[in-house]
Amino acid sequence: MAEMSKMSWYVSYIASGSMFDERPHRATKTFRSEDEAREFARTRSAAGDQTLIAGTINPVSPKRVISSASIPAWLDKPTG
């Protein structure tokens, strides 16, 4: 279980891709804490990314998923 607790949050976003790609590709970055995930998402959001999704990684309980529509409110929460 110690191994799983190392990375407990993820942020999914549109990765920059080739202009020849037919559709954008999603990438996911993992984090040890919600605060780290939120800081990364803040940076992506400030750069104009409106397609962010965040959440907990199984088996973290309770399961949390932050949809794109809910990201702005989640980013407004203070870290720490």
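What comes next is a walk through the structure.

Scoring rules and cut-offs
- Residues numbered from 1 in each chain as written.
- Predicted model: local features only at pLDDT ≥ 70, side-chain atom pairs only at ≥ 80, totals over all residues.
- Heavy atoms only, no water.
- Salt bridge = Lys/Arg side-chain N within 4 Å of Asp/Glu carboxyl O.
- Helix = DSSP H or I, 4+ residues; strand = E, 2+ residues; numbered from the N terminus.
- Buried < 20%, exposed > 50% of the residue type's maximum accessible area, 1.4 Å probe, protein only.
- Core = buried A, V, L, I, M, F, W, Y, C linked by side-chain atoms within 4.5 Å.
- Contact = heavy atoms within 4.5 Å.
- Phe/Tyr/Trp six-rings, centres within 6.5 Å; stacked < 30°, edge-to-face > 60°.
- Polar contact = N/O pair within 3.5 Å; in protein donor to acceptor, adjacent residues only side chain to side chain.

Examining the pattern of salt bridges
Then, in step 1: What the rule picks out here adds up to five salt bridges.
Then, in step 2: Here R64 and E34 are joined by a salt bridge, their closest N and O atoms 3.2 Å apart. Of the two residues, R64 is situated in the loop between β3 (53-56) and β4 (65-66) and E34 in helix α2 (residues 34-46); the sequence distance between them amounts to 30 residues.
Then, in step 3: Since its relative accessible area comes to 28%, R64 is described here as partly exposed.
Then, in step 4: Note that R42 and E39 form a salt bridge whose closest N and O atoms lie 2.4 Å from each other.

A word on the nonpolar core
Within soluble globular proteins, side chains that are nonpolar tend to cluster in buried spots.
Then, in step 1: V11, I71 and W74 are the most contacted members of the largest nonpolar core, which has 14 residues in total.
Then, in step 2: Taken together, the elements giving at least two residues each to this core come down to β1 (9-15), β2 (25-31), α2 and α3 (71-76).
Then, in step 3: What W74 contacts, discounting residues up to four positions off in sequence, is W9, E34, A37, R38, A41, A54, R64 and I66.

Structural notes on the environment of R42
Then, in step 1: For R42, the position within the fold is in helix α2.
Then, in step 2: As a C-alpha pair, R42 and L75 span 33 residues in sequence and 6.3 Å in three-dimensional space.
Then, in step 3: Not counting residues within four places of it along the chain, the set of residues in contact with R42 comprises L75, K77 and T79.

Side note on the packing of aromatic side chains
Then, in step 1: Under the counting rule described, the total for this entry stands at three aromatic pairs.
Then, in step 2: Taking 5.9 Å as the distance between ring centres and 20° as the angle between the ring planes, the aromatic pair formed by W9 and W74 counts as stacked. A residue pair is termed long-range when its members are at least 10 positions apart, and W9 in strand β1 and W74 in helix α3 qualify at 65 residues.
Then, in step 3: Relative to F40, the ring of F31 has its centre 5.3 Å away and its plane inclined at 40°; by these criteria the two rings are tilted. You'll find F31 and F40 in the same group, each marked buried.

As for the environment of S68
Then, in step 1: Note that S68 resides in the loop between β4 and α3.
Then, in step 2: Put simply, S68 and I53 are 15 residues apart on the chain and 5.3 Å apart in space, counted from C-alpha to C-alpha.
Then, in step 3: Ignoring sequence-local partners within four residues, the contact set of S68 consists of Q50, T51, L52 and I53.
Then, in step 4: In this structure the side chain of S68 is engaged in a polar contact, spanning 2.8 Å, whose partner is the backbone oxygen of L52.

Note that every value here comes from positions in space, so none of it alone points to a role or purpose.
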